[in-house]
Amino acid sequence: MLRCLFAVMMVLCTVTQAAAQDLQSILQTHAEEVASPSRNSVGTLLDELVASGLPQVPAFLEQWSDKNVWQRDDGLFFIGIEEDDVLALRDVDSGEDSTAAADGFTQLKPNGGVRRVIATAMVQFQLLDPDLTRRETAIASIARRPEAAQLAPLLASIEDETDAALRARKIQLANILTARFGETVEVRIAAIESLSADVSVEARAVLNQILSTREGADIEQPEGNLARLLNPLEAPDTYYAKLVDADLAPAPQSPDDIRRALEANIVEGRIGDIPLVQMDDPTLRIAAYAQLADAGVVPALITPALRDAALARHVFYDLYDEPDPQITTAAQTALSSVEARVGAAQVADLTLDALSLASIFFLAAIGLAITFGVMGVINMAHGEFIMMGAYTGYVVQLFIPSYTVSIFVALPLAFAVTFGAGVVMERLVISRLYHRPLETLLATFGISIALQQIAKNIFGTQARPLTSPDWLAGAWVVNDVIQISYIRIAIFVLALLFLGVILYILRRTRLGLEVRAVTQNPGMAASMGINPDRINMLTFGLGSGIAGIAGVAIGLYAKVTSEMGADYIVQSFMTVVVGGVGNVWGTLAGATMIGFGQKGIEWLNPSNTLAAQTYMILLVILFIQFRPKGIVALKGRAAGD
Amino acid sequence: MQSSFIARNPSVLWFLLALSAFTVLVSLLSEAGGSALISTSFLKTLGKTLCLCLVAIAMDVVWGYCGILSLGHFAFFGIGGYAIGMWLMYERTAEIVTTSLDSNILPPTPDEITDAIGSQIFGVVGSNDFPLIWAFSHSLTLQLLAVVLVPGLLALVFGWLAFRSRVTGVYLSILTQAMTLALSLHFFQNDTGLRGNNGLSGLQNIPGLEGVPQATVSLWFFWASAFALGAGYVLFSWVVSGKLGSVIRAIRDDETRVRFLGYHVESYKLFVFTLTAMVAGIAGALYYPQAGIINPAEIAPIASIYLAVWVAIGGRGRLYGAVIGAAVVSLMSSWFTGGSAPDINLGVYVIKWTDWWLVLLGLTFVAVTLFFPKGIGGLFDLLPRRKGDTK
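Treat the numbers as computed from the prediction; the structure is a model and nothing was measured.

Trainee: Explain the packing of helix α4 (residues 73-101) of chain B against helix α11 (residues 265-291) of chain B here, please?
Mentor: A packed helix pair is summarised by two numbers, namely the angle formed by the two axes and the spacing between the axes. All names here are of chain B. Closest axis-to-axis distance for the α4/α11 pair is 6 Å, and the angle between their directions is 50°. If you check the angle between α4 and α11, you find them oblique. Like other packed secondary-structure pairs, α4 and α11 cross with a definite hand, here right-handed. Note on element contacts: α11 touches α4 through T276, A277, A280, G281, I282, A283, G284, A285, Y287, Y288 and P289, opposite H73, F76, F77, G78, I79, G80, G81, A83, I84, G85 and L88. Here the residues of the contact of α4 with α11 sort into 14 nonpolar, 8 polar and no charged.

Trainee: How should I be thinking about the domain arrangement of chain A in this particular structure?
Mentor: Often, the extent of an interface is quoted as the loss of accessible area on bringing the components together. Here chain A is partitioned into domain 1 (2-115), domain 2 (127-212), domain 3 (236-316) and domain 4 (347-639). With centres defined by C-alpha atoms, the gap from domain 3 of chain A to domain 4 of chain A works out at 65 Å.

Trainee: Any chance you could explain the sheet that holds strand β6 (residues 213-218) of chain A here in plain terms?
Mentor: Two pairing modes exist for strands in a sheet, parallel and antiparallel, and in both the strands are linked by backbone hydrogen bonds. Residues and elements named next belong to chain A. Strand order in the open sheet made by the 3 strands is β6-β10-β7, with antiparallel pairing throughout. Each edge of the sheet is formed by a strand with only one pairing partner; in this case those strands are β6 and β7 (226-230). If you compare each strand with its neighbour and ignore which way they point, the axes differ by 25° on average.

Trainee: Can you help me understand the sheet that holds strand β5 (residues 105-107) of chain A in this one?
Mentor: Residues and elements named next belong to chain A. The 5 strands are arranged β4-β3-β2-β1-β5 in an open sheet whose pairing can be described as antiparallel. Each edge of the sheet is formed by a strand with only one pairing partner; in this case those strands are β4 (97-101) and β5. Strand-to-strand, the axes of this sheet are offset by a mean angle of 40°, without reference to chain direction. Here strand β2 (residues 77-83) pairs with strand β3 (residues 86-91) via 6 bridges, running antiparallel. Paired with F78 across the bridge in β3 is D91.

Trainee: How do you make sense of the nonpolar core when you look at a structure like this?
Mentor: Nonpolar side chains in soluble globular proteins tend to be buried together. Membership of the largest hydrophobic core comes to 206 residues, with the highest contact counts inside it found for L363 of chain A together with V55, A56, I57 and A308 of chain B. In terms of residues, this core owes the most to one element, helix α3 (residues 40-65) of chain B, which gives 16 residues. Apart from residues no more than four positions distant in its own chain, V55 of chain B is found in contact with H73, F77, A280, A283 and L307 of chain B.

Trainee: What am I meant to see in the packing of helix α12 (residues 301-314) of chain B against helix α14 (residues 353-371) of chain B here?
Mentor: All names here are of chain B. Two numbers describe how α12 lies on α14: the axes approach to 10 Å, and their chain directions differ by 50°. Relative to α14, the element α12 lies oblique. Seen from above, α12 lies across α14 with left-handed handedness. On the side of α12, the interface is formed by V309, A312 and I313, while α14 contributes F365, V368 and T369.

Trainee: Is there a simple way to explain the confidence of the model for chain B in this structure?
Mentor: In regions of low pLDDT, the predicted coordinates are not meant to be interpreted in detail. All names here are of chain B. In this model, chain B carries a mean pLDDT of 87, and residues with pLDDT of at least 70 account for 96%. No element of chain B has a lower mean pLDDT than helix α1 (residues 5-8), at 74, and none a higher one than α11, at 95. This model gives residues 387-391 a pLDDT under 50, and the stretch forms 0 contacts once residues within four places in sequence are excluded. For this predicted complex, the interface score ipTM comes out at 0.84, while the overall pTM is 0.79.

Trainee: Looking at this structure, I do not really get the pairing of strand β10 (residues 315-320) of chain A. What am I missing?
Mentor: It is a general feature of regular strands that their side chains alternate between the two faces of the sheet. Pairing geometry for β6 of chain A and β10 of chain A, over 6 bridges, is antiparallel. Note that in β10 of chain A the partner of E215 of chain A across the bridge is D318 of chain A.

Trainee: For this particular structure, what's the right way to read the environment of I171 of chain A?
Mentor: Residue and element names in this part refer to chain A. The topology assignment puts I171 in helix α9 (residues 164-181). Judged by C-beta crowding, with 15 C-beta atoms within 10 Å, I171 ranks as partly exposed. The spacing of I171 and I158 is 13 residues in sequence and 7.0 Å in space, taken between C-alpha atoms.

Trainee: Just checking my understanding: could you explain unusual backbone geometry for this structure?
Mentor: We note that D247 of chain A has phi near 60°; this positive angle belongs to a residue other than glycine. Owing to 7 C-beta atoms within 10 Å, D247 of chain A belongs among the exposed residues under this scheme. Positive phi, close to 65°, is recorded for R195 of chain B, a residue that is not glycine. Within the secondary structure layout, R195 of chain B lies in the loop between α7 (169-188) and β1 (200-201).

Trainee: Looking at this structure, how should I read the interface of chain A and chain B?
Mentor: In this complex, chain A contributes 43 residues to the contact, which on the side of chain B involves 40 residues. Residue assignment for the side of chain A that touches chain B shows that the elements contributing at least two residues are α13 (255-264), α14 (282-294), α19 (437-459), α24 (564-579) and α26 (609-626) of chain A. Tallying contributions element by element places α19 of chain A first for the side of chain A that touches chain B, with 14 residues. Per-class residue counts for the side of chain A that touches chain B are 29 nonpolar, 7 polar and 7 charged.

What counts and how
- Residues numbered from 1 in each chain as written.
- Chains lettered and ligands numbered in written order.
- Predicted model: local features only at pLDDT ≥ 70, side-chain atom pairs only at ≥ 80, totals over all residues.
- Axes fitted to C-alpha atoms, helices over the stretch in contact; angles between N-to-C directions.
- Helix = DSSP H or I, 4+ residues; strand = E, 2+ residues; numbered from the N terminus.
- Parallel < 35°, antiparallel > 145°, perpendicular 65-115°, else oblique.
- Left-handed = near helix turned anticlockwise from the far one by under 90°.
- Contact = placed C-beta atoms within 7 Å.
- Nonpolar A, V, L, I, M, F, W, Y, C, P; charged D, E, K, R; others polar.
- Domains from an automatic or database assignment.
- Pairing = 2+ DSSP bridges.
- Core = buried A, V, L, I, M, F, W, Y, C linked by C-beta atoms within 7 Å.
- Buried ≥ 20, exposed ≤ 12 C-beta atoms within 10 Å, placed from the backbone.
- pLDDT = per-residue confidence, 0-100.

Laid out in structure tokens, this is it:
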């Protein structure tokens, strides 16, 4: 009998054992959880599924997460895809395909939170997936939300990784995970130390997480890994509020509280023995409140002396969440070394930014450097030539859909348009005003407001886009701190190109020779057979044309509006004046100085670019006091005057 | 023989006569005068125009007579407006706050009043503390002093720096323009303490005059503006006549030669620059209570350039020219851009003056600079002159 019973039990056991080897039965033991999983409890089920080591688990998890698992009315689960009320079913274990009417099935729809938990569980399978992109996705998902459980599968997957880049990434990520979740202190410290050479945002985040602290206040210094003790007298009211929050001290009374307490205790026009009408005196209010407190009507007033005494009785501290001081010390050291590297990288990044800003100023000002610097003509409409160039680019893009082609069409076209406008303006207006510079300023200003308004009438007030081609869209990323967009690099290259071209024209060509001759002495130049009118016209056209090209470049990274020229005109004049009039190198120096100065000020006060501009202008005004002729001043007879 | 000031400057008498006649006429036609042919809003426009004329003659003195093309005088005008605006806004808010606090059971303490005013004024920029520059805003006397002294001091420091290092001509123009730009950018920031781009508003409500109808208040401001313009005209006529005026004009024509003659050119320029800045401040202080609102866009560089445009169109180097230019151009601007000018239908295209007025103004300005450098005022030279009347 006993033997018989034993035999039955043996059989039953075997059956259970055998049942545990297939997925359906595991699912059936947790049928409730599978059918309507919740984020907090689904973990147990997933652990069991993973622990079973069944090869069909990853596929099932994926289908489950994609809402492709259906439950038949008898409780069995299938993978299924619905099409016209017909389900194409697949058995979760055997993979046998079948079809059935969708009527007898319910679709399982795990919510977003559950799907995230499933995704985390799937990561370990995905890490070993033969498909490279799936492995990369898995790594990205670990990087987004690192967890202790991921460390072991991640470490295990490194060895078999074939892709070199992904392998490096896995090692880096494993390092980060080890720093936080490593088994032993030694392993963690080693990982933390290796992070000190990493300036990535991830590494810094992980170090900061290790160093996370919580504030506290207590009568005695607490047990635990103490980060620092705080001095409550630095901000007594804030620290007192913490005591109140921790129920260690009675709440203080704000002036409003005092007022309300007094208002509630008016007896026959008096509070205590002080008449109501005298309550506009703050000291009497406190006296009245003290009387109420003495009578026991209101809680005693927390005076500054009482507050400070309470603060002195307590210890205020920051406690690390990480209990082991060795690890926090290592993290501290690593973080300060990372921060030093980040600081250096930021300086490099700032330098790149400043260079890029300088090249924009240079581009905007170089045309002006020719018309104002070489010819001495103040052209307040210069900014509008920039605007015209940008709108030319916009119009070209309306007709040519390919952004690459349109940019290469727009650049010469913008030059042609503004060159023409410049020549017309020089012939009609400026040539009549050569000996009246102040009036040139005013007349060109008149042209500037007319051009601005005409642009507004044609193109409207809203900003028009000038889209850059795809190959200029990205950014050159050195690391998480140093990066610069390709557009800015292109503008920098363009600025250098302009510098070269203009220097070449002015120094090496016949035109440049004649321009310099006319600039220095028009009468003498004319008697040598140079036609000053023609030279002036061409020079002005050249300066305007360059403004047009600058307009296309500026339009690529800023919006094109009718007022964009006005934004640059004052800056451009300052660039030319600071650099030194009459010299292309001076404009370069001026643009560099203003660009670096502005970025430097922005760095000191990052929240406020307006302030940076303001202070930069003030600096320029002061600078001109000391070097009225600019950085690169002409000497001797060429200086004119 | 020394003839009298009026005899040497007949235009002063004519100008004062015309201004008085205009003031009387407008007063009679205004709503407060009884006949209501001139609406209160138009009366305000006329009053504002008089203030613009005042700042225009200041500009004319500094540019037309002294040859300094300052592109920053409208900044001084704006500072004057801000100075008086601070008092108006403080006092007005204080009245409102005191009234609302009166309903409290306890009489308010001084701290409570200040806090309430602070949060009323600076709530829009997310603050309720009084910045340092508002320290005197409770006192009309001190703020009135600030109307004159702050622009004066700024002009003095800026001018001293610029003239000392012999920055002249277009360089000075660009420098003054940079100053205006810096100032407007500064005012645009919320933490400057002047309410950022919200500016100061509600300035047309004069504290203490709640019982007086706006029509009457506007008329008073019109009178004050007319008086200020008259006084300014006399002051500047005195400045530009006589020996002082001769030196100033000589500086315009050849600065170096004047210096060689032994005059301290910088002092003269600094005097003119500072004096005109102070007058511009007064003009602004009269203008903005009539406009009702001031914000940093008012002192953008473009405003100062328009000032130069008025003077150039009116005819620089003669004070009445500046007045004519400012009045004609600013009134025409408000007429054209106000939408009351009739559109011109060309069949294929309708010219809307709100769109095309600036184009017309810009081109007119070019034409005036090219062909009529003397401006509208130059027309007076065409009048037949008495024989023997030399300039």
